[in-house]
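# Observations on chain architecture
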Amino acid sequence: MKTATTYDDRISLIKEIADRKKKMAKIRKKSSSVLKSVQSKKKDIQIPKESNIYQWTDASKYAKEYYGETLYYTTKYDNDWD
């Protein structure tokens, strides 16, 4: 943090702050235009209205593919209990 002790120091500090504000205003303007273009592109994307788009729709196929023998040995006696 700068401390201005003389008149010239205060004036130079005020100029630095003004320059910084101008620079930040330019950056905000540029980023807002980028944000608007992203939002317009976002509207064009088709998003499914399902409850969970990442849900595996074929549970038995998933279990066979990823759990294989473990699934077989765990479920082979399931019918004996009925």
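Look above for the structure.
Please read all numbers here as calculations on a predicted model, not as lab measurements. (Residues numbered from 1 in each chain as written. Predicted model: local features only at pLDDT ≥ 70, side-chain atom pairs only at ≥ 80, totals over all residues. Heavy atoms only, no water.)

### Focus: the overall build of the protein
The helix and strand tally for the protein stands at two helices and zero strands. Looking at the protein residue by residue over its 82 residues, the buried ones come to 1%. Summing over all exposed atoms, the protein offers an accessible surface of approximately 8600 Å²; the carbon and sulfur share of this is 56%. (Helix = DSSP H or I, 4+ residues; strand = E, 2+ residues; numbered from the N terminus. Buried < 20%, exposed > 50% of the residue type's maximum accessible area, 1.4 Å probe, protein only. Areas by Shrake-Rupley, 256 points an atom, 1.4 Å probe, with all protein chains shown as cover.)

### Some words on the packing of aromatic side chains
Centre distance and the angle of the planes are the two values used to describe a pair of aromatic rings. One pass over the structure, following the stated rule, counts three aromatic pairs. For the ring pair tyrosine 72 and tyrosine 73, a centre distance of 5.2 Å and an interplane angle of 70 degrees mean the geometry is edge-to-face. Residue tyrosine 73 is classed as partly exposed on the basis of its relative accessible area, which comes to 49%. Taken together, the ring pairs in this structure connect Tyr62, Tyr66 and Tyr67 into an aromatic cluster. (Phe/Tyr/Trp six-rings, centres within 6.5 Å; stacked < 30°, edge-to-face > 60°.)

### Regarding a nonpolar patch on the surface
A cluster of nonpolar residues, Tyr7, Ile11 and Ile14, forms a patch on the protein surface that exposes about 310 Å² of accessible area. Looking at where tyrosine 7 falls in the secondary structure, it is placed in helix α1 (residues 7-44). A residue is classified by how much of its surface remains accessible, and tyrosine 7, at 55% relative accessible area, is exposed. (Patch = residues over 30% accessible without salt bridge, like charges linked within 9 Å, V, L, I, M, F, W, Y side chains within 5 Å. Salt bridge = Lys/Arg side-chain N within 4 Å of Asp/Glu carboxyl O.)

### Brief notes about the environment of arginine 10
Within the fold, arginine 10 resides in helix α1. Residue classification places arginine 10 among the partly exposed residues on the basis of a relative accessible area of 41%. When near neighbours in sequence (up to four residues on either side) are disregarded, arginine 10 contacts Ala4 and Thr5. (Contact = heavy atoms within 4.5 Å.)

### Here's the deal with helix α2 (residues 59-75)
A rise of 1.5 Å per residue sets the reference length of α2, with its 17 residues, at 24 Å; its end C-alpha atoms lie only 14 Å apart and thus fall more than 12% short of the reference. At tyrosine 67, α2 shows its strongest bend, of approximately 115 degrees. (Expected span 1.5 Å × (residues − 1). Bend = angle between axes of the 7 residues up to and from the residue.)

### With respect to a positive patch on the surface
On the surface, Arg20, Lys21, Lys23 and Arg28 cluster together into a positively charged patch. By secondary structure assignment, the location of lysine 23 is in helix α1. (Lys, Arg positive; Asp, Glu negative; His and termini not counted. Charge placed at Lys NZ, Arg CZ, Asp CG, Glu CD.)

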